[in-house]
Amino acid sequence: MTIWHQPLSLDALNQHYPDTAGHHVGIDYVDFGPEHLTARMPVNEKTRQPYGILHGGASCLLAETVGSHASMLCVNPENEYCVGLEINANHIRPATQGHVYATARPIHLGKSTHVWDIRIRDDADKLVCIARLTMMVKSGRAPSPEQ
């Protein structure tokens, strides 16, 4: 049993949308399973704050990117799309180098909302951040970027 609307592949997941925030900071997908999606992001000059540690906003960007993408993969894009309603994050420990990995798992997949638990870990598998993302499921096709 899977939550995904269609079969997934890493090649398809990594067809980046150019000129998006996730693309500019180097987010890519590295794993998925029947009920989880995992992406990674480098900890570098694009994602660190002045003290040399991962910026909390970059953690939220990673969490919202993987959670939003996961929500979209759960619905039929011909007649539904998802938009973010709320995100919160608790920053547990700093990351200074390498990559961080965000794994999104559903808490609730309803008709009008999805809620995701997103755990961000470092290369040593230490917990860096815990985020919760709430998505709204909307009727219709997603607006095009030109709109």
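What counts, and at which threshold
Residues numbered from 1 in each chain as written. Predicted model: local features only at pLDDT ≥ 70, side-chain atom pairs only at ≥ 80, totals over all residues. Heavy atoms only, no water. Helix = DSSP H or I, 4+ residues; strand = E, 2+ residues; numbered from the N terminus. Buried < 20%, exposed > 50% of the residue type's maximum accessible area, 1.4 Å probe, protein only. Contact = heavy atoms within 4.5 Å.

**Student:** Explain unusual backbone geometry to me, please; I cannot follow it from the model alone.
**Tutor:** Note: most residues except glycine have negative phi, and most peptide bonds are trans. Positive phi, normally seen in glycine, also occurs at Asp19, with a value near 60 degrees. Within the element layout of this structure, Asp19 appears in the loop between helix H1 (10-13) and helix H2 (21-25). Phi is positive for Asp125, which is not a glycine, with a value near 65 degrees. Mapped onto the elements of the fold, Asp125 is located in the loop between strand E5 (113-122) and strand E6 (127-139).

**Student:** Sorry, what's going on with the environment of Ser139 here?
**Tutor:** Checked against the element boundaries, Ser139 lands in strand E6. Residue Ser139 is classed as exposed on the basis of its relative accessible area of 69%. When the C-alpha atoms of Ser139 and Pro77 are compared, they prove to be 9.5 Å apart, with 62 residues separating the residues in sequence. When sequence neighbours within four positions are dropped, the list of residues in contact with Ser139 reads Asn79 and Tyr81.

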